[in-house]
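Take a look at the letters that make up each chain.
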Amino acid sequence: MKKVAIIIGHRSGNKGAKSEWLGTNEYDYMKAVALHLKDVADVYERPNTPFVTEAYRIKQLTNKVNKKSYDLVLSLHFNAFKDDNAHGSTALHYVTNKRTKRLGQRFTQLINLWFGVAQRDLIPITSKYQRGGALIMNINAPALLLEPFFGSNPADCVNFYDAEEKYAELIKELICEYLYL
Ligand SMILES: [Zn+2]
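Anyway, here's the lowdown on the structure attached to this text. Along each chain, the written sequence defines residue order, and numbers are assigned to residues from 1. In keeping with the model being predicted, local features are shown solely for residues with a pLDDT of at least 70 and side-chain atom pairs are shown and tallied solely at 80 or more, while totals for entire chains, interfaces and linings include all residues.

Remarks on the overall build of the protein
So, step 1. Labels follow the DSSP assignment, with helices taken as runs of H or I lasting at least four residues and strands as runs of E lasting at least two, numbered in each case from the N terminus. Helix and strand counts for the protein stand at 6 helices and 8 strands.
So, step 2. Sequence-ordered secondary structure for the protein, helices as α and strands as β, is β-β-β-α-β-α-β-β-α-β-α-β-α-α.
So, step 3. Throughout, radius of gyration means the C-alpha value; the globule benchmark is 2.2 Å times the number of residues raised to the power 0.38. In terms of overall dimensions, the protein is globule-like: its C-alpha atoms have a radius of gyration of 15 Å, near the 16 Å expected for 181 residues.
So, step 4. With the C-alpha coordinates aligned to their principal axes, the bounding extent of the protein is approximately 40 × 40 × 30 Å.
So, step 5. Looking at the 181 residues of the protein, the share that counts as buried comes to 40%.
So, step 6. Counting only contacts in the protein whose residues sit at least 6 apart along the sequence, the fraction spanning at least 24 positions is 72%. Residues with at least 20 neighbouring C-beta atoms inside 10 Å of their own are called buried, those with 12 or fewer are called exposed, and the rest are partly exposed, where every C-beta is derived from the backbone. We call two residues in contact if the C-beta atoms placed from their backbones are at most 7 Å apart.

The following block contains the structure:
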C-alpha cells in the first residue's frame with residue numbers, strides 16, 4: 001500500500017478557479033500534476049454526486065480516503081483573487097499539527113527555490129467552515145492543502161506555465177523530506 005494520498009482539488013463537474021494566464025483551471029492543472037505522482041501516491045478526486053451539497057461530496061471523498069491509513073494526505077489547488085497583484089505560495093495546515101506546519105513551511109521554501117514564487121504566511125485551519133477546512137478537518141491522516149501560486153497573478157503564472165511535471169517533482173521531494181520532519 002502507498003503511504004501518501006494525493007487529492008485533486010475541486011471536481012470535473014466544477015473545476016475551481018480559472019486562470020486566464022494559464023488558460024486552465026485548478027482541476028485540470030492539478031489532474032495533470034497528479035498523473036505524474038501515481039507511482040508514489042494513491043490519487044483521489046471529489047465525486048460529482050448530483051443533488052447533494054459540496055460539503056456532502058467532500059465527506060464522501062474523505063470517507064473513502066479514511067478507509068486506508070495514510071502517513072500524509074496532500075490536496076492540490078492554486079490560489080486566485082480579484083486583485084491580480086496578490087501573489088505567492090501558501091499551504092493550509094491543521095492549527096495544532098506542528099509536523100504539517102513544518103512541511104508547509106518547507107513547501108513554500110521549495111516553491112521559492114524552484115519556481116521563484118514568493119513565500120506567503122501559512123494558513124492555520126481551526127474550523128471546517130474555513131476555506132479548505134472541511135477537507136483538512138475530515139481527513140484522519142495528517143493533511144496539507146497546497147497553493148503554490150495565484151492563477152490570477154501573471155508573474156506567478158509565467159513560472160508555472162507548462163510546469164505540471166516539474167511541480168510534481170517538487171511534490172515528490174516534499175514527500176521524501178516529510179520522513180525527516
Ligand atoms: Zn481550490
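So, next bit.
Observations regarding the packing of helix H1 (residues 26-35) against helix H6 (residues 164-178)
So, step 1. In this analysis an axis means a line fitted to C-alpha atoms, helices contributing only their contacting stretch, and an angle means the value between N-to-C directions, from 0 to 180 degrees. Closest axis-to-axis distance for the H1/H6 pair is 8 Å, and the angle between their directions is 60°. Taken together, the axes of H1 and H6 are oblique relative to one another. The way H1 lies across H6 gives a crossing that is right-handed. Mapping the contact onto sequence places Tyr29, Ala32 and Val33 in H1 and Glu164, Tyr167 and Ala168 in H6.
So, step 2. Residue type decides the class: Asp, Glu, Lys and Arg count as charged, Ala, Val, Leu, Ile, Met, Phe, Trp, Tyr, Cys and Pro as nonpolar, and the leftover types, Gly among them, as polar. Among the residues making up the contact of H1 with H6, the classes are represented as 5 nonpolar, no polar and 1 charged. Orientation labels follow simple angle bins: below 35 degrees gives roughly parallel, above 145 gives roughly antiparallel, 65 to 115 gives roughly perpendicular, and whatever is left gives oblique. By convention the crossing between two helices is left-handed if the near helix lies anticlockwise of the far one by an angle smaller than a right angle, and right-handed if it lies clockwise.

Quick word on the pairing of strand E6 (residues 90-94)
In regular strands, side chains alternate between the two faces of the sheet.
So, step 1. In terms of burial, E6 is largely enclosed, as 4 of its 5 residues are buried.
So, step 2. One bridge is not enough; two strands pair if DSSP finds at least two bridges between them. As paired strands, E6 and strand E8 (residues 143-147) are joined by 4 bridges and run antiparallel to one another. For Leu92, the partnering residue across the bridge sits in E8 and is Leu145.
So, step 3. Relative to strand E7 (residues 123-125), E6 runs parallel, the two being bridged by 3 bridges. In the strand pairing of E7, Tyr94 is matched with Ile125.

Quick notes on the packing of helix H3 (residues 98-115) against H6
So, step 1. Two numbers describe how H3 lies on H6: the axes approach to 10 Å, and their chain directions differ by 145°. For the crossing formed where H3 meets H6, the hand is right-handed. Residues Leu103, Arg106, Phe107, Leu110 and Trp114 of H3 lie in contact with H6, whose contacting residues are Leu170, Glu173, Leu174, Glu177 and Tyr178.
So, step 2. Grouping the constituent residues of the contact of H3 with H6 by class yields 7 nonpolar, no polar and 3 charged.

Digging into the sheet that holds E7
So, step 1. Read from one edge to the other, the open sheet built from 6 strands follows the order E4-E1-E5-E8-E6-E7, with strand pairing classed as mixed. Since the sheet does not close on itself, it has two edges, and those belong to strand E4 (42-45) and E7, each with one partner. Shown here is a sheet whose adjacent strand axes are inclined to one another by a mean of 25°, direction ignored.
So, step 2. Contacts between helix H2 (residues 54-65) and the sheet are confined to strand E1 (4-8), E4 and strand E5 (72-76), with E4 contributing the most and set at about 160° to the helix.
So, step 3. Each of E6 and E8 touches H3; the most contacted strand, E6, lies at about 175° to it.

Comments concerning H3
The α-helix winds at 3.6 residues per turn, so residues separated by three or four positions along the chain end up facing the same way.
So, step 1. With 18 residues, H3 extends 25 Å between its outermost C-alpha atoms, agreeing within 8% with the 26 Å of an ideal straight helix rising 1.5 Å per residue.
So, step 2. All buried positions along H3 are accounted for by Thr100, Leu103, Gly104, Phe107, Thr108 and Ile111. Projection of H3 onto a plane perpendicular to its axis shows the buried side chains occupying an angular sector of 140°, all on one side. Those residues of H3 that are exposed and aimed more than 90 degrees away from the buried face are Lys98, Gln109 and Leu113.
So, step 3. Packing partners of the buried residues in H3 comprise E6, E8 and H6.
So, step 4. Just downstream of H3, Gly116 is the residue with a positive phi angle, here 70°. Between the first and last residue of a helix there are one fewer steps than residues, each counted as 1.5 Å, and that sum is the expected span. Think of it as the arc spanned by the lines of direction from the helix axis to the C-beta atoms.

Structural notes on H2
So, step 1. Compared with an ideal rise of 1.5 Å per residue, which puts 12 residues at 16 Å, H2 spans 17 Å between its outermost C-alpha atoms and is within 8% of the ideal.
So, step 2. Taken residue by residue, H2 has Ile58, Leu61, Thr62 and Val65 as its buried positions. The arc that holds the buried residues of H2, viewed along the axis, is 95°, so those residues lie on one side. Projecting away from the buried face of H2 at angles above 90 degrees are the exposed residues Tyr56 and Asn63.

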